[in-house]
Amino acid sequence: MTEIKKIGVLTSGGDAPGMNAAIRAVVRTAIYHGLEVVGIMEGYSGLINNDFIEMHSHSVSNIIQRGGTILRTARCEEFKTKEGMKKAYQNLINANINALIVIGGDGTFRGAHTLYKRYNFPVIGLPGTIDNDLFGTDYTIGYDTALNTVIQAVDKIRDTADSHNRLFFVEVMGRDAGFIALNSGIACGAEAILIPETKTHVHDLINILDYEWRENKKSLIIIVAEGDDAGGAYSIAKKVKQEYSKYDTRVTVLGHIQRGGSPSCTDRVLASTLGFEAVKAAISGKTDIMIGEINKKIVFTPFENASKYNLKINKNMLDMARVLSL
Ligand code: ADP
């Protein structure tokens, strides 16, 4: 095992609030342990293009409260090619970097796993994604902030919906996973929640909306995960409107506001903890793993499992949401 003297850190894939807090924790913990730290700009693109910057303690001052990522992020197709990854590896070696810490989602971990497998290069991952769709951690960095952004927006929509007798379809992020939709839906008292993990039938949805106990409701809110099988919020709203005209129907797509903003306390603490532990794990020779927190304990999960295993949605929560929004 090579002694770790210099580490690289990058953020990759979709940005998530709390990535900066994670970078800060990695940089400061590494410096505390006498390591040099290199920031790699724009994810794997920066690795290939040699876009490296020396990081000092002050490089990460005043960023813990900021959304986005000071190292910027990118999606990099070239890293998926053999030649691209080879260039990246050679740049790591030329810069005398002994270990890499990547902050991102499942795609980022697939890349990191391949880098380790092909070149035996030490890599550790931090779960940075608003989707909460990684196996091996209760929560991903950014998820809590995104949920809070959604509930603030939906609460505002509820005020106007209630004043006008409106049925609102609110689309939230989640191409493959319904965690944001399910949890924000419960927190906002949504009358229905549509997620990719369950089949959506428009007739059943109308029956739910038209349920007799709901007949005196002044507004209805349906949270739609963008990856729902019946289509996005616009398409579902159109189908419902054709058969159900009791309410004035409106659609709001929350979009990228869900990614931005100052990270919540929960995300800052999670990012700080995982960054701190990731450096210690790298020093102790761990590699090819994502670091997470389960039941308040630090857990290491092989990259392959973190991005491969499907997380299950708790269907009881969907039933509960329906009962509580009667
Ligand atoms: P996220 O990490 O948020 O899931 P992406 O899926 O876009 O985001 O992945 C981020 C980057 O990880 C990609 O742009 C690419 O550079 C790299 N990556 C993803 N899958 C692979 C793969 N199979 N092999 C090598 N690199 C990959």
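In this text the structure is predicted, and so the values were computed from the model without any measurement. (Residues numbered from 1 in each chain as written. Predicted model: local features only at pLDDT ≥ 70, side-chain atom pairs only at ≥ 80, totals over all residues. Heavy atoms only, no water.)

**Regarding the sheet that holds strand E9 (residues 248-253)**
Taken together, the 4 strands give an open sheet; going across it, the order is E7-E8-E6-E9, and neighbouring strands pair in parallel fashion. The sheet is open, and its two borders are formed by strand E7 (192-194) and E9, each paired with just one other strand. Strand-to-strand twist across the sheet, computed as the mean angle between neighbouring axes with direction ignored, equals 15 degrees. As judged from the 6 bridges shared by strand E6 (residues 166-172) and strand E8 (residues 220-225), these two strands associate in the parallel manner. Of the residues in E8, the one forming a bridge with Leu-167 is Leu-220. On the sheet, helix H7 (residues 202-209) packs against E6, E7 and E8 and is oriented at approximately 150 degrees with respect to E8. (Pairing = 2+ DSSP bridges. Helix = DSSP H or I, 4+ residues; strand = E, 2+ residues; numbered from the N terminus. Axes fitted to C-alpha atoms, helices over the stretch in contact; angles between N-to-C directions. Contact = heavy atoms within 4.5 Å.)

**Quick word on the domain arrangement of the protein chain**
In terms of domains, the protein chain is made up of domain 1 (6-142 + 263-307) and domain 2 (143-259). When each unit is reduced to the centre of its C-alpha atoms, the spacing between domain 1 and domain 2 is 34 Å. Counting from both sides, the interface comprises 17 residues of domain 1 and, opposite them, 12 residues of domain 2. Buried area between domain 1 and domain 2, both sides added, is near 1100 Å², and the carbon and sulfur share of it is 53%. On the domain 1 side of the interface with domain 2, the three residues burying the most area are Ile-130, Asp-131 and Asn-132, jointly 43% of the side's total. Inspection of the region where domain 1 meets domain 2 yields 0 salt bridges. Counting every contact that joins domain 1 to domain 2 gives 9 residue pairs in polar contact (both at pLDDT 80 or more). (Domains from an automatic or database assignment. Buried area = accessible area lost by both parts, 1.4 Å probe. Salt bridge = Lys/Arg side-chain N within 4 Å of Asp/Glu carboxyl O. Polar contact = N/O pair within 3.5 Å; in protein donor to acceptor, adjacent residues only side chain to side chain.)

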